[in-house]
Amino acid sequence: MARPNWVPAGTDLDKPNAARVYDYYLGGSHNFEVDRQMARKAIELWPDLPKIMRANRAFLRRATQFAAEEGISRFLDIGSGIPTFGAVHEVAREYQPDARVVYVDMDPVAVAHSRLILADDPRCRIVDADLRNTDDLLARPEVEELLAPGEPVAVILNAVMHFVTDADHPDRILTKLREALPSGSMLILSHASLEGRPDQAGSHQSLYRSTPTPLTMRSREQITAFFEGYELVEPGVVYLPEWHPDDEASVGPHPERMTGMAGVGRLS
């Protein structure tokens, strides 16, 4: 395919990318035909996928709002993708007008788009880094600057940890992040779960093996363990629609169909 002039040199356009597939599910335009082909295959296997992705995005909005209402004005959004469709800085600034956000992603297309979109925003920074290399991420000047004042920071891992395999030691990653955070900080996390629709989990994980970011779905118990060291905000780790819903009707009769689980933890 022809390379658009905004795509960084060296970007592999022949393989689907999880961030761009996610953008397609949300109705975005920052994706390529190879991403759309994979998304369509996934939807054939699991027709609820676009609804699940939108439920995940809605959780991100509600959790960001919660953190901002609790007084947090600094956000570290890791695996942020492309900051469109209710990006963290937009939501946070409804409650914290001076909110600062550092967006982190390892996909060069997502990083390039983010820099283009946020070029005129002095309180947003874009970092090209890999969560799995946590020491490198935390040493980036933009991240150090965000953490330096010692004010609480909300770390966002929205639909990210399921792209970290067990071999990459996710517990170590989360421990390093937690130890770098000031008191009062929060962890906002959502994760694809084996529960809810176990009949769909196997085929979906198989499909993602064709990408550079294979999918590891986990149980509620495993996801809850990621909050070690934090005090879980009620109602704990629950299905996406169940976390602080806008109203009870939005939860629906079968929240387990959204499969993803989410929670927010506070660091004392």
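Use the structure listed above.
Values in this document were obtained by computation on a predicted structure and should not be read as measured data.

*Asks:* Any chance you could explain the layout of surface pockets here in plain terms?
*Replies:* Here the idea is plain: a probe the size of a water molecule rolls over the atoms and shows the empty space left. What the second largest pocket holds in volume is close to 240 Å³. Residue lining of the second largest pocket: 17 residues in total, with Ala-55, Pro-241, Ser-250, Val-251 and Met-258 positioned closest to the centre. Tallied by class, residues from the lining of the second largest pocket come to eight nonpolar, three polar and six charged.

*Asks:* What is the right way to look at the side chain of Arg-218 in this model?
*Replies:* Its place among the elements puts Arg-218 in the loop between helix 9 (198–208) and helix 10 (220–225). Take Arg-218: its relative accessible area is 3%, and that puts it in the buried class. A distance of 2.7 Å separates a polar side-chain atom of Arg-218 from the backbone oxygen of Val-164. At 2.9 Å, the side chain of Arg-218 forms a polar contact with the side chain of Asp-166. Ignoring any residue separated from it by four or fewer positions in sequence, one finds Arg-218 in contact with Met-161, His-162, Val-164, Thr-165, Asp-166, Pro-170, His-191, Ala-192, Ser-193, Leu-194, Ile-223 and Phe-226.

*Asks:* I would appreciate a short explanation of the environment of Thr-175 in the present structure.
*Replies:* Its location among the elements puts Thr-175 in helix 8 (residues 170–180). For Thr-175 and Gly-229, which are 54 residues apart along the polypeptide, the C-alpha to C-alpha distance reads 8.4 Å.

*Asks:* Any chance you could explain the environment of Ala-19 here in plain terms?
*Replies:* Summarising the element assignment, Ala-19 is placed in helix 1 (residues 18–25). C-alpha of Ala-19 to C-alpha of Ile-82: the two residues are 63 residues apart in sequence and 7.7 Å apart in space. Other than its neighbours up to four places away in sequence, Ala-19 contacts Gly-81 and Asp-107.

*Asks:* Looking at this structure, how should I read the pairing of strand 3 (residues 124–128)?
*Replies:* Regular strands place side chains that alternate from one sheet face to the opposite one. Judged from the five bridges that link them, strand 2 (residues 100–105) and strand 3 form a sheet pairing that is parallel. Residue pairing for strand 3: Val-102 is matched across the bridge by Arg-125. Handedness of the strand 2-helix 5 (residues 108–117)-strand 3 crossover: right-handed.

Basis of the calculations
Residues numbered from 1 in each chain as written. Predicted model: local features only at pLDDT ≥ 70, side-chain atom pairs only at ≥ 80, totals over all residues. Heavy atoms only, no water. 1 Å grid on protein atoms, 1.4 Å probe; cavity = no way out; pocket = protein on both sides within 12 Å on 5 of 7 lines; lining within 4 Å. Points joined across faces, edges and corners; volume = space filled by probe spheres on them. Nonpolar A, V, L, I, M, F, W, Y, C, P; charged D, E, K, R; others polar. Helix = DSSP H or I, 4+ residues; strand = E, 2+ residues; numbered from the N terminus. Buried < 20%, exposed > 50% of the residue type's maximum accessible area, 1.4 Å probe, protein only. Polar contact = N/O pair within 3.5 Å; in protein donor to acceptor, adjacent residues only side chain to side chain. Contact = heavy atoms within 4.5 Å. Pairing = 2+ DSSP bridges. Right-handed = clockwise from strand over helix to strand, strands pointing away.

Function cannot be inferred from these measures alone, as they are strictly geometric.
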